[in-house]
Amino acid sequence: MNAAVATSVFGAFMVLTVALGLLAVRRKGTEKGRPAGLAEWSVGGRSLGTVFIWVLMAGESYTSFSYLGAAGWGYNSGAPVLYVLAYMSCGYALGYVVGPMLWAYARRHGLVGITDMIAHRYRAPWLGAAVALLATVCLLPYIQLQITGMGVVVSTISYGAISINWAYFLSFAVTTGFVVISGLRGSAWVSVLKDVLVIGTLGFLAVYVPLHYFDGYGPFLDRLVAEKPQWLTFPGHDSGGLGQVWFVITTLVNSLTVVIFPTTVAGYLGARNAEALRRNALYLPFYNVLLFVPMLLGMAALFVVPGLTGADSNLALFTMVVDSLPAWAVGLVGVAAALSSIVPMAVFMLVIGTMWGRSVLGAIPRLRKGAAGAASGDGGGEAAGGRQKLWSQLVVVGAGALALLLTYTAPDTLVRLSLISYEGMAQLVPMLLLGLVWRRLTLHAAVSGLVAGFTLVCVLVFGGHDPVWGMNAGIVGLAVNVVVALAVTWLGPRAADGRPDAEVLALDDEFPRDGVPSRGAPVSPPASS
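Residues numbered from 1 in each chain as written. Predicted model: local features only at pLDDT ≥ 70, side-chain atom pairs only at ≥ 80, totals over all residues. Heavy atoms only, no water.

(A) Seen up close, the overall build of the protein chain. Across its full length, the protein chain holds 25 helices and 2 strands. In the protein chain, which comprises 529 residues, the proportion classed as buried is 58%. Here the analysis covers contacts within the protein chain between residues at least 6 apart in sequence; of these, 83% occur between residues at least 24 apart. Summed over its atoms, the accessible surface of the protein chain is roughly 19,700 Å², and 68% of this surface lies on carbon and sulfur atoms. (Helix = DSSP H or I, 4+ residues; strand = E, 2+ residues; numbered from the N terminus. Buried < 20%, exposed > 50% of the residue type's maximum accessible area, 1.4 Å probe, protein only. Contact = heavy atoms within 4.5 Å. Areas by Shrake-Rupley, 256 points an atom, 1.4 Å probe, with all protein chains shown as cover.)

(B) Local environment of the pattern of salt bridges. Counted according to the given criterion, the structure contains 8 salt bridges. Across the pair R439 and D501 runs a salt bridge, and its minimum N-O distance is 2.7 Å. Remark: D501 occurs in helix α25 (residues 501–504) and R439 occurs in the loop between α22 (429–437) and α23 (443–462); sequence separation between them is 62 residues. Taking relative accessible area as the criterion, D501 reaches 39% and is therefore assigned partly exposed. R499 serves as the salt-bridge partner of D497, at 2.9 Å between the closest nitrogen and oxygen. Beyond isolated ion pairs, a larger network of salt bridges with shared partners links R123, R439, D497, R499 and D501. (Salt bridge = Lys/Arg side-chain N within 4 Å of Asp/Glu carboxyl O.)

(C) How the structure looks around the packing of α23 against helix α24 (residues 473–491). Their axes nearest at 7 Å, the elements α23 and α24 cross at an angle of 155 degrees. When the interaxial angle is binned, α23 and α24 end up roughly antiparallel. The chirality of how α23 crosses α24 is right-handed. From α23, H444, A445, S448, G449, L450, A452, G453, L456, V457, L460 and V461 reach across to α24, where they touch A473, G474, V476, G477, V480, N481, V484, A485, V488 and T489. The class makeup of the residues in the contact of α23 with α24 is 13 nonpolar, 8 polar and no charged. (Axes fitted to C-alpha atoms, helices over the stretch in contact; angles between N-to-C directions. Parallel < 35°, antiparallel > 145°, perpendicular 65-115°, else oblique. Left-handed = near helix turned anticlockwise from the far one by under 90°. Nonpolar A, V, L, I, M, F, W, Y, C, P; charged D, E, K, R; others polar.)

(D) Quick look at the side chain of S313. Along the chain, S313 falls in the loop between α14 (292–304) and α15 (316–324). Within the structure, S313 has its side chain in polar contact with the backbone oxygen of G310 (distance 2.7 Å). Leave out the neighbours within four places in its chain, and S313 touches G72, Y75, N76 and L308. (Polar contact = N/O pair within 3.5 Å; in protein donor to acceptor, adjacent residues only side chain to side chain.)

(E) Layout of α15. Among all positions in α15, only A316, L317, F318, M320, V321 and S324 are buried. Packed against the buried residues of α15 are α4 (64–67), α5 (69–76), α8 (125–157), α9 (164–214), α14 and α16 (327–360).

(F) Focus on the packing of aromatic side chains. By the definition in use, this model includes 17 aromatic pairs. Seen in terms of ring centroids, F214 and F303 are 6.0 Å apart; in terms of plane orientation they differ by 85 degrees. Their pairing is edge-to-face. With a gap of 89 residues between them, F214 in helix α9 and F303 in helix α14 connect regions that are remote in the sequence. A relative accessible area of 13% means that F303 is categorised as buried. (Phe/Tyr/Trp six-rings, centres within 6.5 Å; stacked < 30°, edge-to-face > 60°.)

(G) Structural detail: the nonpolar core. Judged by nonpolar contacts, the single largest core of 164 residues is most densely connected at Y67, L102, M117, I143, L428 and M431. Discounting residues that sit within four places of it in the chain, Y67 has contacts with V198, T201, L202, N314, L317, F318, V333, A336, A337 and S340. (Core = buried A, V, L, I, M, F, W, Y, C linked by side-chain atoms within 4.5 Å.)

(H) Summary view of a nonpolar patch on the surface. Among the surface-exposed residues, M1, V5 and W328 lie close enough to one another that they form a single nonpolar patch of about 370 Å² accessible area. As for its position among the elements, V5 is in helix α1 (residues 2–28). We classify V5 as partly exposed; its relative accessible area is 30%. (Patch = residues over 30% accessible without salt bridge, like charges linked within 9 Å, V, L, I, M, F, W, Y side chains within 5 Å.)

(I) Focus on unusual backbone geometry. The step from F234 to P235 runs through a cis peptide bond, and the omega angle for that step is 5 degrees. Tracing the backbone through its elements, the reader meets P235 in the loop between α10 (217–227) and α11 (244–258). Cis geometry is adopted by the peptide bond preceding P467, which originates at D466 and carries an omega value of 5 degrees. As for its position among the elements, P467 is in the loop between α23 and α24. Phi is positive for W469, close to 55 degrees, though the residue is something other than glycine. The topology assignment puts W469 in the loop between α23 and α24.

(J) The arrangement of the side chain of Q427 in detail. Looking at the element boundaries, Q427 is found in the loop between α21 (421–426) and α22. Q427 sits in the buried class, given a relative accessible area of 0%. Residues within four places of Q427 in sequence aside, it is in contact with L450, G453, F454, V457, G474, G477, L478 and N481.

(K) Here's a closer look at the state of the cysteines. Tallied over the entire structure, the rule returns 0 disulfides. Looking at C138, it has no disulfide partner, and the nearest cysteine sulfur is the one in C458, 8.2 Å off. (Disulfide = S-S within 2.5 Å.)

(L) Spotlight on α5. Counting buried positions over the 8 residues of α5 gives 6, a clear majority of the element. When we look at burial in α5, the residues that qualify are G69, A70, A71, G72, G74 and Y75. Along its buried surface, α5 packs onto α4, α14 and α15. In the stretch just after α5, G78 is the one whose phi turns positive, near 90 degrees.

(M) Structural context of the confidence of the model for the protein chain. When pLDDT is averaged along the protein chain, the result is 84, and 87% of the positions lie at 70 or above. Contacts for the low-pLDDT stretch residues 29–34, under 50 throughout, to residues beyond four places or in other chains number 9 contacts. Confidence drops under a pLDDT of 50 for residues 370–381, and excluding neighbours within four residues, the segment shows 24 contacts in the predicted structure. (pLDDT = per-residue confidence, 0-100.)

(N) Structural detail: the environment of T442. By secondary structure assignment, the location of T442 is in the loop between α22 and α23. Assessed through its relative accessible area of 9%, T442 is described here as buried. Sequence-distant contacts of T442, defined by excluding residues within four places in its chain, comprise Y122, T489, P493 and R494. A distance of 3.2 Å separates a polar side-chain atom of T442 from the backbone nitrogen of A445.

(O) Region of the structure containing the packing of α9 against α10. Direction vectors running N to C along α9 and α10 enclose 75 degrees, while the axes themselves pass 8 Å from each other. With respect to α10, the element α9 is oriented roughly perpendicular. Contacts from A206, P210 and F214 of α9 reach α10 at Y217, P219, F220 and R223. Here the residues of the contact of α9 with α10 are counted per class, giving 6 nonpolar, no polar and 1 charged.

And the structure:
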């Protein structure tokens, strides 16, 4: 009976999720009597307001990690998990400046992602394709993580009635169908539902669990301080040496990386104007407060369900939920956790599809023809825009299927790749951000720095040297990246680029407070992508 009730609640909300995606397409699926193009599907037609941008970008911070990994880290180690709160908050502060800059640059030149921006900045379509390949390697593990997370949630809330393998497939099927149909706008609509459930369920659990198991926060915290003090100080309990230096460095590296992460940039580019992004940067840190809940409840589980080891520790929070709540409430918490997998997974898949459809497959001459109109949605090049969108949707299906297949057959492959995901993406910071504000950074320099930094990160991480000297390996790679890029810029060849600064750089007057580029030029086609 419990399984039937919880599964019914879950199924009803999954139907509602798909319905919201279809409703978003029905409302904005066509413009001026023509099918919606790549820009509408991939960046929501650049028309999302503050509320939708807020819930969409908050959705990326609340993934299955919030219910599983954060509680698991709290259960296993304690204090080091607080780096998530630190880097997200610092990243939002950086996003106040970086978001409007990237939004204005992409809008002016008709671009739909970081690979587009890089290809345009350096006049090198091949570089956009290469970055798409690199980003795909770094993003695929996150898709696998969300498939695994949602699978674990579905299997747990069904009281074992749904096997873990079927739960994995359900996760893939719902998300893939949802994102292919609805694109970024549908993700934003579903994020509203997800956030209502996340705020409601975590707010309830924050009060209920301490009262139910400990008679309140006072007795719980007293017991935690008395019996588990290691969990409250760095480097935490059995964390492998994640001390204060690691915490500060990781916060710095991740806050730099998150502002240029492809999924974050997709959120930026979906905004109606730059001011929506600035307001969003102010509001997002308040959402982070909720992340304290699964972290604290993970530590509460130390006393309620002691002895969890390995992957089972990630179920610390859900074990208490299933143990103490009625089936309908278990179903609601499960829905919130499942949507916390679906929304970010949808954006990850959409971004991979867009990068490949535009920068890899879209680089084929017959697909590039007429791409200008497709990028801006102006009507010229509708056929090419339709082909790029179709390629992107097919890649979405392929990327999801690959992640699902590896989840079944070789989960350790993507787990190992996930070790370099953030540190690897950090190596794009000089190429993108420095390149958009400093014209002297050359193509050779940017590529040399990226290769040097990424190679060093791989050597350190896969060689078992992360952290190195107590520091995140990403900062070591980033330092080498910048040094190499500067050295090649000053000593290496300097290719002539006759384009004006307005064509190459993201200038200050491109993103005034009203969000309208001051030069008044119409959105131009991508010059090199």
